[in-house]
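If you want the building blocks of each chain, they are given just below.
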Amino acid sequence: MTLRHRTSTFDMLELHRFDKPLVNCPLLLDPASYFPDTVDLTQDSAAREYWLTCFEDAADRYVDRAIKSQPDSCDVNERAHKFKQKYLQRLHELRNNPSAYGSLTVRSLLDTHEHCMKEFDFTDPYAQQKQYENEQALKLLPEHFRQLEKMTWDNRQLALVEGLLAGNVFDWGAKEVVNLMQKGGSFGFLEARSILQVRPWLVDSLEEWKERLKGPPHRCAVIFVDNSGIDIILGIFPFASELLQRGTKVVLCANSWPALNDVTYNELIILAKRVAAALPTVDKAMSNGRLCIMESGQASPCLDLRYIDDDLCTKIKQEEADLVVLEGMGRAVHTNFEACFSCEALKIAVLKNKWLANRFGGEMFNVIFKYEKSRRLVSQSKDKKEIFY
């Protein structure tokens with residue numbers, strides 16, 4: 001797979017104005033050399049052609065979603081088609097001049113979509129869908145948790161990870177998944193688990209992770225969460241509960257603003273209270289401060305760790321966080337797949353795009369479960385930096 005080469009990191013497209021400072025994530029091993037994106041589309045012409053076509057083909061789907069999200073608006077059709085015109089025009093510009101707005105990456109294309117949506121007052125087109133999926137997942141949570149409690153320790157660790165992976169399938173930004181969810185019949189948690197790759201996974205560090213869990217508990221885990229619904233409720237919260245029972249503090253980090261069907265900070269605050277009513281471990285941890293919800297400072301399905309909410313960074317330092325969990329294709333594959341951390345890291349995703357899966361040498365619904373030990377820099381000479389585990 002052709003990976004990115006570092007080019008300009010200057011972003012000419014201003015997506016948001018932030019009220020608070022955004023700073024480097026303190027868990028990065030070497031912020032000066034960190035570049036979030038895995039593939040630089042400015043350099044990789046085959047990848048650029050594929051992704052531009054992919055986003056162009058999705059324009060009508062975005063228009064339909066925008067219109068459905070505001071059924072009572074008299075000008076919704078007009079605004080939705082203006083969005084499409086502006087969006088396709090921007091993609092056309094990028095096809096003709098890939099470096100027109102700095103480095104062209106999947107992250108910048110996703111951010112362009114979000115920016116254009118918001119420009120025409122579609123600030124959260126998946127809001128109703130997220131609410132519906134949250135309600136459905138909350139109904140399943142008590143029984144799901146009871147089943148986990150009955151398992152042996154070894155089986156539970158596998159089930160918890162499979163829960164994360166199954167939840168991560170529910171991504172309204174992935175065309176293949178949208179087709180599954182919109183087919184007749186129901187596509188739920190069990191169906192999502194059934195389509196996951198059978199172990200060994202494409203990237204499979206589960207045994208190393210389980211071995212680590214037999215050692216001392218982590219001080220604090222920082223988890224950058226992804227989707228609403230099954231993902232956050234049946235995937236992330238049971239996983240976080242297991243860490244809490246080990247004596248680890250947990251910080252759940254959600255987007256500050258909407259992006260696709262990703263859960264936002266404000267939504268997660270409400271969801272956490274409802275989950276706490278069903279899970280005593282979560283209820284107790286929220287009461288004593290061992291579980292906290294924080295905003296990431298982001299408004300993207302991807303994750304740029306150069307621009308993290310300052311309060312979150314302060315919390316990470318105060319708690320001396322020693323585990324970071326990146327969940328989802330946007331945060332752990334399109335970005336940060338190669339990121340180096342000074343603490344332990346989990347990078348977890350299901351590959352929900354056939355072209356991307358092939359690039360990684362795999363197939364649709366193959367699994368990335370990548371556990372990395374903490375790293376350290378032992379040489380900081382001007383021309384050379386050595387990284388050791």
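A. Inspection of the pairing of strand β4 (residues 249-254) at higher detail. Judged by how many residues are buried, β4 sits mostly within the fold: five of six residues are covered. Across five bridges, strand β3 (residues 220-224) lies against β4 in parallel orientation. Directly across from F224, in β4, lies its bridge partner C253. Regarding topology, helix α10 (residues 230-245) serves as the crossover connection from β3 to the parallel β4, and that connection is right-handed.

B. Seen up close, the confidence of the model for the protein. With 92% of its residues at a pLDDT of 70 or more, the protein has an overall mean of 93. Low pLDDT (under 50) marks residues 1-15, which in the prediction has 39 contacts with non-local residues, meaning those over four places away or in another chain.

C. Local environment of the environment of D64. Inspection of the secondary structure assignment puts D64 in helix α2 (residues 59-69). The exposure class assigned to D64 is partly exposed, which follows from its relative accessible area of 44%. Residues D64 and L164, 100 residues apart in the sequence, show an inter-C-alpha distance of 29 Å.

D. Focus on the pairing of strand β7 (residues 323-327). With five of its five residues buried, β7 lies for the most part within the structure. In terms of strand pairing, β3 meets β7 through four bridges, oriented parallel. The residue of β7 that forms the bridge with V222 is V324. Pairing of β7 with strand β8 (residues 344-350) involves five bridges; the strand directions are parallel. Looking across to β8, one finds that L326 is bridged to K347. In the classification by handedness, the crossover that spans β7, the intervening helix α14 (residues 329-334) and the parallel β8 is right-handed.

E. Structural context of the nonpolar core. W209, I223, L252 and L268 are the most contacted members of the largest nonpolar core, which has 99 residues in total. It is α10 that contributes the most residues to this core, 10 residues altogether. Residues within four places of W209 in sequence aside, it is in contact with H218, F239, L243, L323, L346, F369 and Y371.

F. Region of interest: the packing of helix α6 (residues 153-168) against helix α9 (residues 206-213). Where α6 meets α9, the axes come as close as 11 Å, and the angle between the chain directions of the two elements is 125 degrees. As summarised for this structure, α6 and α9 are arranged oblique, according to the angle between their axes. Seen from above, α6 lies across α9 with right-handed handedness. Contacts between α6 and α9 involve W153, D154, Q157, L158 and V161 from the first element and L206, K210 and L213 from the second. Here the residues of the contact of α6 with α9 are counted per class, giving five nonpolar, one polar and two charged.

G. Structural detail: unusual backbone geometry. Residue R199 is joined to P200 through a cis peptide bond whose omega torsion reads 5 degrees. Turning to its location among the elements, P200 is positioned in the loop between α8 (189-194) and β2 (203-204). The phi torsion at N336 lies on the positive side, around 70 degrees, for a residue other than glycine. Owing to a relative accessible area of 1%, N336 belongs among the buried residues under this scheme. In the Ramachandran plot, F365 falls in the positive-phi region, its phi being about 65 degrees despite a non-glycine side chain. With respect to the helices, strands and loops of the structure, F365 is situated in the loop between α15 (354-359) and β9 (367-372). Judged by relative accessible area, which is 12%, F365 ranks as buried.

H. Here's a closer look at the side chain of K370. Structurally, K370 can be placed in strand β9. Here K370 falls in the buried class, since its relative accessible area comes to 18%. Here the side chain of K370 touches F337 through a polar contact of 3.0 Å, landing on its backbone oxygen. Setting aside residues no more than four positions away along its own chain, K370 makes contact with V203, S205, F337, A345, L346 and K347.

The rules we used
Residues numbered from 1 in each chain as written. Predicted model: local features only at pLDDT ≥ 70, side-chain atom pairs only at ≥ 80, totals over all residues. Heavy atoms only, no water. Buried < 20%, exposed > 50% of the residue type's maximum accessible area, 1.4 Å probe, protein only. Helix = DSSP H or I, 4+ residues; strand = E, 2+ residues; numbered from the N terminus. Pairing = 2+ DSSP bridges. Right-handed = clockwise from strand over helix to strand, strands pointing away. pLDDT = per-residue confidence, 0-100. Contact = heavy atoms within 4.5 Å. Core = buried A, V, L, I, M, F, W, Y, C linked by side-chain atoms within 4.5 Å. Axes fitted to C-alpha atoms, helices over the stretch in contact; angles between N-to-C directions. Parallel < 35°, antiparallel > 145°, perpendicular 65-115°, else oblique. Left-handed = near helix turned anticlockwise from the far one by under 90°. Nonpolar A, V, L, I, M, F, W, Y, C, P; charged D, E, K, R; others polar. Polar contact = N/O pair within 3.5 Å; in protein donor to acceptor, adjacent residues only side chain to side chain.

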